[in-house]
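Listed below, chain by chain, are the residues.
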Amino acid sequence: MKSLRKLSYPYLVWMTILVVLPMILILFLSFTNIDIFNIGSFNFSFDSFDYLRRPEVIEASKNSVRLSFLTTVICLLIGYPVAYYFANMKSKNKQLYVALIIVPVWSNMLLRIIAWEKLFYPNSILNMFGISFDLIGTDTAILIGMVSMYLPFMILPIYSVLDKMDKSLIEASRDLGANTLNTFLKVVFPLSLSGVLSGVLMTLLPSMTAFALPERLSGGKTLLIGNIIEDYFMKTGNINAGSLISIILMFVITFLFIGLLKFDKEGETLL
């Protein structure tokens, strides 16, 4: 086994370059007043924390929490029945149907976002069928886009748990006189909570930090926290405040994943 450790060295190098060093840099930028146009001098400072109280940051944070929560709830309401149906499917093509859920994820997300954008304008290809939408600039457009992007991430972990579930437990519940509803509420759903939690996190976190999707589908009218970070880095050059917000989000994400790992010790929903 010791001889195989050498095979991990390239991986460690790339992890250091692509993950560790950027995180150290962002952490450094968060607590300095370094100017992007004058990197020769800097002082350690907490001035970036003042930006957390700015109206646009507060408003974007509220929008992120609200829209990501609604997206997660909608994905759970749609995703759980779909995962349950596939897990109990008797067809020999079950794996093929499940694979079809993954196929959209393989395509470029920006292309899918632009496709939704084109459909949401009053003049679109849907006019051929007498259908016209005018949703650009609304929360409805953002929600539809987010649900379509992140629904597979809700379905797959729930399906993974349900598919591996010991079916004899369900049979035992029915033998003891429980009806279908009671069996689901007292046996199936509690045993699938690890998949639900994993799906919630895998849907909540990317929808909360999205920036390209709300930018395109809201026409720039609705800002999420991801848009604020992008603006600070790409438009205003305020890399210090952008780095601080990014670090806070990374700590939140890390904390949530640690909680998931403690809940799902076998890690079966993270596969």
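Computed from a predicted structure; not experimentally measured. (Residues numbered from 1 in each chain as written. Predicted model: local features only at pLDDT ≥ 70, side-chain atom pairs only at ≥ 80, totals over all residues. Heavy atoms only, no water.)

Chemist: Can you walk me through the packing of aromatic side chains in this structure?
Modeler: To describe a pair of aromatic rings, you give the distance between the ring centres and the angle between the ring planes. The final tally for this structure, using the stated rule, is 12 aromatic pairs. Each ring, one from Phe46 and one from Phe49, has its centre 5.9 Å from the other, and the planes form 45 degrees; the classification is tilted. When the centroid spacing of 5.7 Å and the interplanar angle of 50 degrees are considered together, the rings of Tyr80 and Phe189 count as tilted. With Tyr80 in helix α2 (residues 55–87) and Phe189 in helix α7 (residues 180–191), the pair connects residues that are 109 residues apart, well separated along the chain. For Tyr80, a relative accessible area of 8% corresponds to the buried category. Residue class for Phe189 comes out partly exposed when judged on its relative accessible area of 31%. Every member of this aromatic cluster is reached through a ring pair, and the members are Tyr80, Tyr84, Phe184 and Phe189. (Phe/Tyr/Trp six-rings, centres within 6.5 Å; stacked < 30°, edge-to-face > 60°. Helix = DSSP H or I, 4+ residues; strand = E, 2+ residues; numbered from the N terminus. Buried < 20%, exposed > 50% of the residue type's maximum accessible area, 1.4 Å probe, protein only.)

Chemist: Help me out: how do you make sense of the nonpolar core in this one?
Modeler: Nonpolar side chains in soluble globular proteins tend to be buried together. Counting 19 residues, the largest nonpolar core has Tyr80, Ala83, Phe86, Ile158, Tyr159, Leu162 and Val188 as the members making the most contacts within it. Among the elements of the structure, α2, α3 (94–106) and α5 (139–164) are those that each provide at least two residues to this core. Sequence-distant contacts of Leu162, that is, excluding residues within four places in its chain, are made with Tyr80, Ala83, Tyr84, Ala87, Lys167, Val188 and Ser192. (Core = buried A, V, L, I, M, F, W, Y, C linked by side-chain atoms within 4.5 Å. Contact = heavy atoms within 4.5 Å.)

Chemist: How do you make sense of the side chain of Thr72 when you look at a structure like this?
Modeler: Structurally, Thr72 can be placed in helix α2. Excluding residues within four positions of it along the chain, Thr72 makes contact with Met154, Val200, Thr203 and Leu204.

Chemist: What exactly am I supposed to notice about the side chain of Thr203 here?
Modeler: With respect to the secondary-structure elements, Thr203 resides in helix α8 (residues 193–208). You can call Thr203 buried: its relative accessible area is 0%. Dropping the residues within four chain positions of it, Thr203 is found in contact with Thr71, Thr72, Cys75, Tyr150, Phe153 and Met154.

Chemist: Is there a simple way to think about α3 in this case?
Modeler: Given 3.6 residues to a turn, an α-helix orients residues that are three or four positions apart in the same direction. The largest bend along α3 reaches roughly 30 degrees and is located at Leu100, with the proline Pro104 sitting one to four residues downstream. Of all the positions in α3, only Lys94, Val98 and Ile101 are classed as buried. Elements in contact with the buried residues of α3: α2 and α5. (Bend = angle between axes of the 7 residues up to and from the residue.)

Chemist: Explain the packing of α2 against α3 here, please?
Modeler: Geometry of a packed helix pair, given as the angle between the helix axes and the separation of the axes. α3 packs onto α2 with a crossing angle of 155 degrees between their chain directions and a minimal axis gap of 10 Å. It follows that α2 is roughly antiparallel to α3 by the angle criterion. In this structure, α2 contributes Val82, Phe86 and Ala87 to the contact, and α3 contributes Lys94, Tyr97, Val98 and Ile101. Counted by class, the contact of α2 with α3 contains six nonpolar, no polar and one charged residues. (Axes fitted to C-alpha atoms, helices over the stretch in contact; angles between N-to-C directions. Parallel < 35°, antiparallel > 145°, perpendicular 65-115°, else oblique. Nonpolar A, V, L, I, M, F, W, Y, C, P; charged D, E, K, R; others polar.)

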